[in-house]
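Spelled out from the first residue to the last, the chains are:
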Amino acid sequence: MTPSEVRAEAAILRTEVIASQSSRIDLLKYKLLAIATLGGIGLGFAGGEVRVQSFLFEPAYLLCVLPFTCAFIDLLCMHNTIRILIIGRFLAMNGDAYECFIDSLGKPTNDKIRQKDKHGERVYFELEDWALQWSSILLSLLLLTYGVYLAFRETHLGPRSWMIFAGSGIIGVILSVSTVRAYRRRVDLLLNATGKTVAAR
């Protein structure tokens, strides 16, 4: 590719990065909205039972949907992040000044710092990922705790309702951990494929 073609391609890819970042922010908003809506109804803020066609539905069971909703949104966010990283690696390999600068931040000259930081430049952009991942895990753990709480109390939800809540919480934790591991594995593969070795965790 000629220098002018590279610059034109870089401009197009920058637009894609901005669009992906905007989409990721929207997904985070949808996650908060979904948690607030389902959680509010499930905790009874909407009041009473919900009628679905010809039968009554206990709103509390909507809480069991939250881990699956979070896992779905997390996957979409991680997919967007990987797209952004792929574009960033392409731009860096073609001499983009900003991406090369970001790369240089992941190459500390101090051995002590290098041993402490095994994530490279990703360490500067991990806070949002932590919020995304740990919010889902925490929510699932709270649901699991609520299920254990119901196991020792008599409620209108029924004697076996605790199994549904606890089971949903356990599945939510497994889904969250699995998606994070799959995401990190793909990011490591990307960085290794573009000549950047990431130390094993």
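Because the structure is predicted, anything quoted here is derived from the model rather than measured.

Rules used throughout
Residues numbered from 1 in each chain as written. Predicted model: local features only at pLDDT ≥ 70, side-chain atom pairs only at ≥ 80, totals over all residues. Heavy atoms only, no water. Helix = DSSP H or I, 4+ residues; strand = E, 2+ residues; numbered from the N terminus. Buried < 20%, exposed > 50% of the residue type's maximum accessible area, 1.4 Å probe, protein only. Contact = heavy atoms within 4.5 Å. Expected span 1.5 Å × (residues − 1). Salt bridge = Lys/Arg side-chain N within 4 Å of Asp/Glu carboxyl O.

1. Side note on the environment of Leu76
Part 1 of the argument: Secondary-structure assignment places Leu76 in helix H2 (residues 66-93).
Part 2 of the argument: Using a relative accessible area of 35% as the deciding quantity, one classes Leu76 as partly exposed.
Part 3 of the argument: Separated by 53 residues in the primary sequence, Leu76 and Ser23 have C-alpha atoms spaced 9.4 Å apart.

2. Brief notes about the side chain of Ser20
Part 1 of the argument: By the secondary structure assignment, Ser20 is in helix H1 (residues 3-42).
Part 2 of the argument: Note on Ser20: relative accessible area 3%, which makes it buried.
Part 3 of the argument: Excluding residues within four positions of it along the chain, Ser20 makes contact with Asn80, Arg83 and Ile84.

3. Some points on helix H5 (residues 127-151)
Part 1 of the argument: The end-to-end C-alpha distance of H5 is 36 Å, a good match for the 36 Å that 25 residues give at a rise of 1.5 Å each.
Part 2 of the argument: Those residues of H5 that fall on the buried side of the exposure criterion are Asp129, Leu132, Gln133, Ser136, Ile137, Leu139, Ser140, Leu143, Gly147 and Leu150.

4. Some details on the pattern of salt bridges
Part 1 of the argument: One pass over the full model with this rule turns up four salt bridges.
Part 2 of the argument: The residue Arg83 makes a salt bridge to Glu16 at a minimum N-O spacing of 3.6 Å. Of this pair, Arg83 sits in helix H2 while Glu16 sits in helix H1, and the two are 67 residues apart along the sequence.
Part 3 of the argument: Its relative accessible area of 34% is what places Arg83 among the partly exposed residues.
Part 4 of the argument: With relative accessibility at 32%, the residue Glu16 sits in the partly exposed group.
Part 5 of the argument: Between Asp74 and Lys31 there is a salt bridge whose closest N-O contact spans 2.9 Å. With Asp74 in helix H2 and Lys31 in helix H1, the pair connects residues that are 43 residues apart, well separated along the chain.
Part 6 of the argument: Judged by its relative accessible area of 2%, Asp74 falls in the buried class.
Part 7 of the argument: Look at the salt bridges and you will find they share partners, linking Arg24, Glu128 and Asp129 into a network.

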